[in-house]
Amino acid sequence: MPISQLSQSAPSGTGAAAARSINIAILAMGGEGGGVLADWIVDLAENSGYLAQTTSVPGVAQRTGSTIYYVELFPEDAARAAGKQPVLALMPVPGEVDVVIASELMEAGRAITRGLVTPDRTTLIASTNRVYAMTEKIAMGDGRADADAFLQAGGDAARVFIHRDFAALAEQNRSVISATLFGALAAVETLPFRRQQFEAAIERGGISVSSSLKAFAAGFAAATSPEPVKSEPIVSAVPKAGPGLAALAARMTAGFPPASHAILLAGLARLADYQDIAYASTYLDRLEPIRSLAQQPGGHDAALLTETARYLALWMSYEDAIRVADLKTRRARFERVHADARVADDQLLLINEFLHPRVEEFADILPVALGSWLLKTGWAARLVNRLTGKGKILQTTSLWGFLQLYWLASLRRWRPKTLRFQREQQRISNWLEQVKDVAQVDYALALEVAECPRLVKGYGDTYLLGSRNFESLMRALPRLRQLDNPASRLKDLRHAALADDTGKKLEDALAKLNLPQGGAL
Amino acid sequence: MAERFFKKEVQKLYLGEGQEFRGEGILAVTKALLQSGVSYVAGYQGAPISHLMDVLTDANDILVELGVHFEHSASEATAAATLAASVNYPLRGAVTFKSTVGTNVASDALANLASGGVIGGALIIVGEDYGEGSSIMQERSHAFAMKSQIWLLDPRPNLPSIVQAVEQGFALSEATNTPVMLELRIRACHVHGRFIAKNNVRPHFTLKDAMENPVRDASRVVLPPGSFLHEHEKIEKRWPAAQQWIRENRLNEVFANGAQDFGIILQGGMYNAVVRALELLDLGNAFGDSQVPLYVLNVTYPLIDAEVKEFCAGKRAVLVMEEGQPDFIEQNLHAILRKAELPTVVHGKDMLAMAGEYTAAVVTRGILKFVESYGNNLLEPQKLPTVVRPPATKSDTLPILQSQVQPRPPSFCTGCPERPIFTGLKLAERELGPHHVASDIGCHLFSILPPFNIGAHTMGYGLGWASAAAFNTHETSKRTISFMGDGGFWHNGLTSGVGNAVFNQSDSVLVIVDNSYTAATGGQDILSSQARNPIRTTRLSIADAVRGVGVKWIKTITRTYDVAAVRDIFKEALTTKEKGPKVIVAQSECALNEQRRLKPLVKKRIDEGQRVVRERFGVDADTCTGDHSCIRLSGCPSLTIAPNPDLLRQDPVATVLDSCIGCGVCGEVAHAARLCPSFFRAEVISNPSAWDRMKARFRNTVIQLLQRRIDRRLARVTT
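Predicted model only: the values in this text are computed from it and were never measured.

Notes on the overall build of chain A
Thinking step 1. Secondary structure summary: chain A contains 24 helices and eight strands in total.
Thinking step 2. For chain A, the C-alpha radius of gyration of 30 Å lies well beyond 24 Å, the compact-globule estimate for 521 residues.
Thinking step 3. Principal axes of the C-alpha set define a box for chain A whose edges measure 95 × 65 × 50 Å.
Thinking step 4. Within chain A, buried positions represent 56% of all 521 residues.
Thinking step 5. Across chain A, every contact between residues at least 6 apart in sequence was considered, and the portion connecting residues at least 24 apart equals 72%.
Thinking step 6. As presented, chain A carries roughly 21,800 Å² of accessible surface, and 55% of it is formed by carbon and sulfur atoms.
Thinking step 7. Computed over 57 positive and 55 negative side-chain charges, the separation of the two mean positions in chain A equals 7 Å.

Quick word on the domain arrangement of chain A
Thinking step 1. Each assigned domain of chain A is listed here: domain 1 (19-224) and domain 2 (321-418).
Thinking step 2. Each of domain 1 of chain A and domain 2 of chain A has a C-alpha centre, and the two are 48 Å apart.

Description of the interface of chain A and chain B
Thinking step 1. The interface is formed by 162 residues belonging to chain A together with 136 residues belonging to chain B.
Thinking step 2. Of the roughly 12,600 Å² buried at the junction of chain A and chain B (both faces included), carbon and sulfur atoms supply 57%.
Thinking step 3. For Glu107(A), the salt bridge is made with Arg408(B), and the minimal N-O distance between the two is 2.6 Å.
Thinking step 4. There are 62 residue pairs in polar contact (both at pLDDT 80 or more) connecting chain A and chain B.

Quick notes on the pairing of strand β4 (residues 93-99) of chain B
Remark: a regular strand shows side chains that alternate across the two faces of the sheet.
Residue and element names in this part refer to chain B.
Thinking step 1. The element β4 is extensively covered by neighbouring structure, given that seven of its seven residues are classed as buried.
Thinking step 2. Of the strand pairs in this sheet, strand β2 (residues 40-43) and β4 are connected by four bridges, and their pairing is parallel. Bridging across to β4, Tyr40 finds its partner in Gly93.
Thinking step 3. In this structure, β4 lies alongside strand β5 (residues 122-128), joined through seven bridges in parallel fashion.

Thresholds applied
Residues numbered from 1 in each chain as written. Chains lettered and ligands numbered in written order. Predicted model: local features only at pLDDT ≥ 70, side-chain atom pairs only at ≥ 80, totals over all residues. Heavy atoms only, no water. Helix = DSSP H or I, 4+ residues; strand = E, 2+ residues; numbered from the N terminus. Rg over C-alpha atoms; globule rule 2.2 N^0.38 Å. Buried < 20%, exposed > 50% of the residue type's maximum accessible area, 1.4 Å probe, protein only. Contact = heavy atoms within 4.5 Å. Areas by Shrake-Rupley, 256 points an atom, 1.4 Å probe, with all protein chains shown as cover. Lys, Arg positive; Asp, Glu negative; His and termini not counted. Charge placed at Lys NZ, Arg CZ, Asp CG, Glu CD. Domains from an automatic or database assignment. Buried area = accessible area lost by both parts, 1.4 Å probe. Salt bridge = Lys/Arg side-chain N within 4 Å of Asp/Glu carboxyl O. Polar contact = N/O pair within 3.5 Å; in protein donor to acceptor, adjacent residues only side chain to side chain. Pairing = 2+ DSSP bridges.

Here's what the structure looks like:
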């Protein structure tokens, strides 16, 4: 019978009387404890009346690559009754896996794409933590895979789908993820063993027994507790306006649509923190015309206002040496580092900053005339670069280090007189004009223009490249408006700008559209 | 030596008659060698047989007790040549390496060994690294067996069969004066199972006996007329002897013969997959009771003509289950049946797959296709398993899912000292433009993957510099850069690369990555390892060796984490006016092994109350703008991304995980590439001294005073 004539799902209860193996696949990253978990399962089975076979292909995958550990269990009494040893397989057959354990969410997705998870049979236990793949990490923007796609697929593909952050649980219990996952495996009751038998396997293992048992219990409890509500995308806390900002906040609440309040308030707080209340007030002034646009016919929603507000706030609070010094000296920052480095009460913490300002960054915070002179004057620029040498390690927790940064941060009040401040205000105005101008005729395109400053990021060369890309897009805009579908074209160009860190992809994309390339700063 | 110990595994080697051995396949082989009265064992490490070497290293006591000599061979060629001890003496010897890469290297010695033949049993245990997760070219050891006429065993992948294959391998070798190759697939090497052990056997004829009573037989030497004699011997004596011995001792197995007028001929190594497929198709059960006749080739070379004819006689068709290509067995079957004028149809690659691993899915679908053609009445369509059914179309999440699942290849470990070498090269290339880079085998080959994307080819272990040999012309001042690991260097690179470059007056650059171990194979010792090893000579200098073969321009970096220094040394090597071969020795200990060594020490020191400083890096999320250029220059597993805590920003920020070991690369990169001020190094002092504490109290008082001033300003903005 040709395969194509078969129905799609296997009927249940095939070979009901025949004894068969229990098949378990563990998907993990090398060096992550997948082997420990497989060993526990083998030990558990062998001490509970089952024959067990496990194998893996560690190879070089022991170094952070995806690895599959595969375990098969077979009841000893069935083997005795048959008077024969069972023949166990060395690799999983799609459709024939009883339990899939994934130590990370994308690995769960990988198991599903390999066909290991099927609705008639498979219990899928997945840890929802993400260990990002290299391709996700090196993206210039946001290259992260869609976690919801994994959860959705897990729900669709598995008979039972248990998904919790077993990595965080392990961390909380100062143990390893194999222990929490082992707990979850006990909890789902897919294997014919009792909890005590699982725990006995950990005890026989003899390594870090008490912490492993604690993590095991936590994993067990998490897997048996009700499913967590579908996790909302992490929303950072909206700040609450302090007394100095109260008037501006009130003005904002009264005059702007509620959908934009969160971002606007964050923007106000950012700028008052960055400079002062007056600067925050400028922010609202700048947004008034955009808000009026949104109220006109064709101004569909608050998206243009919100996105403009977002990037305006970020641009107005550009990172100069003053800002960096300011942020590095704060108490909250010290506390954060303290917590991240897990400093115990009887330990001391020292914080060393890696700074390497270039002559451009010096010029940024000098008064306009002096800054321009420094950039124009070869010998002076060389001198500054020579002085900064190979970069500086500054210990913020030392008195002298702290005082240097504290003094630098205190230059804040002089910032409006600096070279960079003047330059950025001019560029901000140009951009806002473009947004306004475009919005009169093409709302969708205006939204894209509003998002363009997202390209301008980083410091040093990264910042230069981002700025150049941004300017290229702004220069291309007039010509772009004469083409069809300019909004999606601009979006594509923005993606091209984020596709590599040399600007080559953007150049090619611009050339393809016969648009001007490059841009002066 | 690597700081891993196999004491538990070593204990298993002591098991005696009737006791049950539980463990990995490759350990079972180790035990089987001792049970077979082996006199010497040699090999070169590499997945999947590294464990055999590692366990024997820790088992020196038991080896000495049994009079067994064990060597870490300099290369697979050395290992294979070691088997010469069995040419003139009744000594059983075994060598092991990764195949086919190791077999390639060993083939000169293997060919000589096979030509003259052996008196003592000579066993070559190859770990066949084929299929998923393999890091080498996809070829077959089978070809080597055929070309040199070495018998090839491919036992069923369970421990009793594997152990039996070792024992039978020695006997077969002795009965036929021919070396025997035991092929173990990667999953079989790592399979956990059990077998009933026997006592270890001290060889009745020892190395001492041989050395004190030397014998020679010029007819065993490959030189005319001996070499012509050997060829005739192979055909006239050894081949028939093997046909007879294998048949008489029933090395191959037949199951369920007569059950159908068709059957399956399979490599022993494929047995479990075939049995599972039959079980799923309801043509067999979990115990291997098959309704389809099976002819299991535990010996895949040579085929036993009489057995083949016997099995095929009266069968309309057979399916050959032969993994890898070319399809040597299938072709051979055709020839045997044709000569015997048997009409049996031979199927194989036409119903399975021409290339690629024979996964459970491929095997099951292939057998289904075969049985559909020859025994369709046996199949119950309603009972067929999921794997042979068309994929369920209902799920529209699958395409979305597939677009989201990204590859996760192996990569440099956290704190790896090799990574900054490539960061330095990337920075040098920013200034000097791209160069042709020749890669080698070892962890450093991960450079070809993101984020580095460095390296144009790899031609084999230790052949990094050799593979750039052609690029030697006066028509350009541009130089090539080649890489080589310390493992590859001692394996053959010293002569094939360095000697070659000196002799041919090459004007190019070689980087020798000196991390004190053959790290990629599990951290074994080599001549330049820094650890003192009681049974091996270590701590020799690579730079001295290079100088010894005549290189004048040698630079050594003793701390590869110094990215700026690495960058500058590359710039110098690529631009210096000095002509001739240039060698950069880049030294820093493999972080994986270093951590294994240091972690317990640090813990002990802290517990003893000593002052210990732990370093780790961090990124300030509020100054990080989420451009990830730091990650593109590093690729450290501990340097990753996290959701942006800032409501205004959308791109994820860089972050350093707690697994950071404070190697310093993040800071060095931030400096050398002038990246961004977000990186900091946290130093956590355990058991601080009184002076530490006093300083901290004083500083904190002043700093907290000033921080309260900052807080007061910020309190007006937000609460």
